[in-house]
There are 2 protein chains.
Amino acid sequence: MTVAKTTAFTAEQQQLARVAKALAHPARVAIVQLLASKTTCISGDIAAELPLARTTVFQHLQELKALDLIRGEIDGLTVCYCLNTELLRQVQQQFMSFFETAVACPAGGAGESCGC
Amino acid sequence: MTVAKTTAFTAEQQQLARVAKALAHPARVAIVQLLASKTTCISGDIAAELPLARTTVFQHLQELKALDLIRGEIDGLTVCYCLNTELLRQVQQQFMSFFETAVACPAGGAGESCGC
DNA sequence: ATATTATGTCGCATTTTTACGACATAAAAA
DNA sequence: TTTTTATGTCGTAAAAATGCGACATAATAT
């Protein structure tokens, strides 16, 4: 409580952080890649392809689903999960803007205005 | 027992997840944006611009520094933090590849091969 | 020399994440 | 019907993240 902190975080910062958090575990990165590599939506045997217990994988799936990055459709006894490519495209844009601003830092990286 | 199974994933998946984790908090997103917006590297008054205690901000700075996304150079009594734009460029590429593969999912989004 | 200031370290409490087994449920097969 | 199978729910334990105050340190300023 050294200083007055008036500034809150913007909606954009929170949104980017939320998505980043969703991708902040290799299992969830792997799940997205797995779904991207299938011509047909695969079901819970996603778990069989990952070095984790089925319930743990299910938990990760739920986290991705909570952000609507993936979707699940029940098909009889199995469930078909697939990517929400539309949302992913938006998210990709957000990350791009973020990185573009970052790499375009006027300080220019390896220490032009300071010693870093 | 809860053992981190992150080692069972590919190096690429782990690297992407690591960086995603670094950006998984709005404060750290804000820090990167803040550093990107400065023509000169700013020091610890980063804390004054964020709605968090100084030590908490310092902690976030350390996390970004641990991944070498930012760097700090001591200048007398103050410290000059700035972005590692070179690394950020690499990271940007990794995220781009990831998203490109994801949005290019053959299932094509809104349910072409399944009901999602 | 003493005080001030910017930065960094430590410990602690709270919350969230991760991981998994035991159990429940509902569709399909026997 | 009974059994099998794929999926989902719940509780729990360990770990990590978050946030902050008390204290330490080192460079200036007085």
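Every value quoted in this text rests on a predicted model; they were computed, and no experiment measured them. (Residues numbered from 1 in each chain as written. Chains lettered and ligands numbered in written order. Predicted model: local features only at pLDDT ≥ 70, side-chain atom pairs only at ≥ 80, totals over all residues.)

Asks: For this particular structure, what's the right way to read the overall build of chain A?
Replies: The secondary structure content of chain A amounts to 4 helices and 2 strands. In sequence order, the secondary structure elements of chain A are arranged as α-α-α-β-β-α. Going through the 116 residues of chain A one by one, you find that 39% of them count as buried. Of the contacts made within chain A by residues no fewer than 6 positions apart, 51% connect residues no fewer than 24 positions apart. (Helix = DSSP H or I, 4+ residues; strand = E, 2+ residues; numbered from the N terminus. Buried ≥ 20, exposed ≤ 12 C-beta atoms within 10 Å, placed from the backbone. Contact = placed C-beta atoms within 7 Å.)

Asks: So what exactly am I meant to see when it comes to helix α4 (residues 85–103) of chain A here?
Replies: Owing to its 3.6 residues per turn, the α-helix brings residues three or four apart onto one side. Residue and element names in this part refer to chain A. For α4, built from 19 residues, the straight-helix expectation of 27 Å at 1.5 Å per residue is met to within 8% by its first-to-last C-alpha distance of 26 Å. T85, L88, V91, F95, F98, F99, A102 and V103 are the residues of α4 that are buried. Relative to the axis of α4, the buried residues are bounded by an arc of 130 degrees and lie together on one face. Facing away from the buried surface of α4 by more than 90 degrees, the exposed residues are E86, Q93, S97 and E100. (Expected span 1.5 Å × (residues − 1). Arc of directions from axis to C-beta.)

Asks: What should I look at first to understand the protein's contact with DNA strand C in this one?
Replies: As a structural note, the neighbourhood of DNA strand C is formed by 25 residues, with A:A53, A:G76, B:S43, B:G44 and B:T78 the closest of them. Breaking the surface near DNA strand C down by element, the ones donating at least two residues are α3 (54–66) of chain A together with α3 (54–66) and β2 (78–83) of chain B. Considered class by class, the residues forming the surface near DNA strand C number 9 nonpolar, 12 polar and 4 charged. (Near = placed C-beta within 6 Å. Nonpolar A, V, L, I, M, F, W, Y, C, P; charged D, E, K, R; others polar.)

Asks: What's the story with the protein's contact with DNA strand D in this structure? I'm lost.
Replies: Near DNA strand D there are 25 residues, and of these A:S43, A:G44, A:T78, B:A53 and B:G76 occur at the shortest range. For the surface near DNA strand D, a count of residues per class yields 11 nonpolar, 11 polar and 3 charged.

Asks: Teacher, can you tell me more about the interface of chain B and chain A here?
Replies: When the parts come together, some accessible area is lost, and that loss is often what is quoted as the size of the interface. On the side of chain A, 58 residues touch chain B, which itself brings 60 residues to the contact. The element contributing the most residues to the side of chain B that touches chain A is helix α4 (residues 85–103) of chain B, with 10 residues. Class assignment of the residues belonging to the side of chain B that touches chain A gives a composition of 34 nonpolar, 16 polar and 10 charged.

Asks: Looking at this model, I keep getting lost on the environment of A:F98. Mind explaining?
Replies: Along the chain, A:F98 turns up in helix α4. The sequence separation of A:F98 and A:A11 amounts to 87 residues, and the corresponding C-alpha distance is 14 Å.

Asks: What is the right way to look at helix α1 (residues 11–22) of chain A in this model?
Replies: In a regular helix each residue adds 1.5 Å, so 12 residues correspond to 16 Å; α1(A) covers 17 Å between its end C-alpha atoms and thus fits that length. Burial in α1(A) covers these residues: A:Q13, A:L16, A:A17, A:V19, A:A20 and A:A22. Buried residues along α1(A) sit in contact with α2 (26–36), α3 and α4 of chain A together with α1 (11–22) and α2 (26–37) of chain B.

Asks: Teacher, can you tell me more about the environment of B:I42 here?
Replies: Residues and elements named next belong to chain B. Here I42 lies in the loop between α2 and α3. Of the residues examined, I42 has 20 C-beta atoms within 10 Å and is grouped as buried. With 38 residues separating them in the primary sequence, I42 and C80 have C-alpha atoms 5.5 Å apart.

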